[in-house]
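Single-letter residue listing:
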Amino acid sequence: MKIIRVFPRKTSMTPKDDYAFVGDPPLFIPPADEVHISCTFTWDIPGAKRLAKAWGQYYPVKLGGPAFSSNCDDFKSGIYIRHGIVFTSRGCNNKCPWCLVYREGKLWELHISEGNIIQDNNLFQCSKGHIANVFEMLRTQYSVQLSGGCDSRLLTDSIVDDLRSLRVRQLFFACDTKEAIKPLEKAKRKLNGFTRNQLRCYVLLAFDGETISEAQERLEAVWTLGFMPFAQLYQPPDKYIKYPAEWRSLARTWSRPAAMKAVARSMELA
């Protein structure tokens, strides 16, 4: 079956093949059996529904994706993401109040496809056998990235040994609350020898009444530990928050390596 995949917006994960499109039907469209409108963000749902009508003039259309609270029971890696990005598990057993992964349900393991970018929600929460098989696959890959958010609380010496056996480009951890700083500090000690350019860290901002000064302090702490922050402003599932310029500036600065390096030099951070 030939399936056209359509996306409301282009991201770094959007496929680039001839059957992947962003937005409305172009002038020339390929023959296909049906169209799948894939919507990731809840604020794109109105646009995705409009696209379903536009593409529905030419093909049978199915509308779905993470934004529609699908539990992903029939998820198949490699259809709605670009080549090289793979999921080896879905879901997560944590229940973080700011995270939408709960829509996928509890963690379950998938067949391991080949790719150099692992986008699992919580790879380290998987069974030891599954993690070992993922690392075995990754040893055949170049420029390896664990981009889904490595859980610093679950980082073991065995996992660190496996990471050292890979051609690692980037590992993404997370520090979404003040309480996450200590586990991140312990993880950094285990990861001695990995550089700041290899160690990235998602930092959620403005959740649950956090002030700009509190967010700035946490970002600086992450930097001082030896991680490169990647700031993200909190967005709830039911609406899109347009943040004031001061918040947007903070997030922009601490998501651009050149900008944050300049700030760190000016503040004489380690």
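In the block above lies the structure referred to throughout.
Since this is a predicted model, take the numbers as computed values, not measurements.

## What to know about the sheet that holds strand β11 (residues 199-205)
Logical step 1: Taken in spatial order, the six strands of this open sheet run β5-β8-β9-β10-β11-β12, and their pairing is parallel. Of all the strands in the sheet, just β5 (85-86) and β12 (228-233) have a single pairing partner and so form its edges.
Logical step 2: With two bridges connecting them, strand β8 (residues 117-118) and strand β9 (residues 144-146) associate as parallel partners. Across the sheet, residue I117 finds its bridge partner in β9, namely Q145.

## Here's the deal with the sheet that holds strand β4 (residues 61-64)
Strands in a sheet are paired, the pairing made by backbone hydrogen bonds, and the direction either parallel or antiparallel.
Logical step 1: Strands sit in the order β2-β1-β3-β4 across an open sheet of four strands; the sheet is parallel. In this open sheet, the two edge strands, each paired with only one partner strand, are β2 (20-22) and β4. Averaged over neighbouring strand pairs, the angle between their axes works out to 25 degrees when direction is ignored.
Logical step 2: Pairing analysis gives four bridges linking strand β1 (residues 3-7) to strand β3 (residues 34-38), with the strands arranged parallel. Note on β3: the bridge partner recorded for I3 is E34.
Logical step 3: Its contacts with the sheet put helix α1 (residues 45-55) on β1, β2, β3 and β4, and the angle it makes with β3 is roughly 170 degrees.

## Notes on the nonpolar core
Logical step 1: With 51 residues, the main nonpolar core has L138, L146, L155, L163, F173 and L205 as its most contacted residues.
Logical step 2: I4, C39, I45 and Y59 belong to the second-largest nonpolar core, a separate cluster that totals 13 residues.

## Section: the packing of aromatic side chains
Logical step 1: For the structure shown, the criterion picks out nine aromatic pairs.
Logical step 2: Ring centres 5.4 Å apart and planes at 50 degrees place the aromatic pair F21 and W55 in the tilted group. With a gap of 34 residues between them, F21 in strand β2 and W55 in helix α1 connect regions that are remote in the sequence.
Logical step 3: Its relative accessible area of 17% is what places F21 among the buried residues.
Logical step 4: Residues F207 and Y234 carry aromatic rings whose centres are separated by 4.9 Å and whose planes lie at 75 degrees to one another, so their mutual orientation is edge-to-face. Placement of the pair is F207 in the loop between β11 and α5 (212-225) and Y234 in the loop between β12 and α6 (245-253), with a sequence separation of 27 residues.
Logical step 5: By relative accessible area, which is 15% here, Y234 ends up buried.

## Brief notes about the state of the cysteines
Logical step 1: Inspection of every chain in the model, using the stated rule, returns zero disulfides.
Logical step 2: Unpaired in terms of disulfides, C99 finds its nearest cysteine sulfur in C96, a separation of 6.0 Å.
Logical step 3: With a relative accessible area of 29%, C99 lands in the partly exposed category.
Logical step 4: For C201, which is in no disulfide, the shortest distance to another cysteine sulfur is to C175 and amounts to 5.2 Å.

## Focus on the pairing of β11
Residues in a regular strand project their side chains so that they alternate between the two faces of the sheet.
Logical step 1: Within β11, seven of the seven residues are buried, which leaves it mostly tucked inside the rest of the structure.
Logical step 2: Side chains of β11 alternate between two faces, with L199, C201, V203 and L205 and R200, Y202 and L204 buried alike.
Logical step 3: Across four bridges, the pairing between strand β10 (residues 168-174) and β11 is parallel. Paired with A174 across the two strands is Y202, which belongs to β11.
Logical step 4: In this structure, β11 lies alongside β12, joined through six bridges in parallel fashion. Opposite L205, over in β12, you have L233 as the bridge partner.

The rules behind the values
- Residues numbered from 1 in each chain as written.
- Predicted model: local features only at pLDDT ≥ 70, side-chain atom pairs only at ≥ 80, totals over all residues.
- Heavy atoms only, no water.
- Pairing = 2+ DSSP bridges.
- Helix = DSSP H or I, 4+ residues; strand = E, 2+ residues; numbered from the N terminus.
- Axes fitted to C-alpha atoms, helices over the stretch in contact; angles between N-to-C directions.
- Contact = heavy atoms within 4.5 Å.
- Core = buried A, V, L, I, M, F, W, Y, C linked by side-chain atoms within 4.5 Å.
- Buried < 20%, exposed > 50% of the residue type's maximum accessible area, 1.4 Å probe, protein only.
- Phe/Tyr/Trp six-rings, centres within 6.5 Å; stacked < 30°, edge-to-face > 60°.
- Disulfide = S-S within 2.5 Å.

Nothing here speaks to function; it is all geometry.
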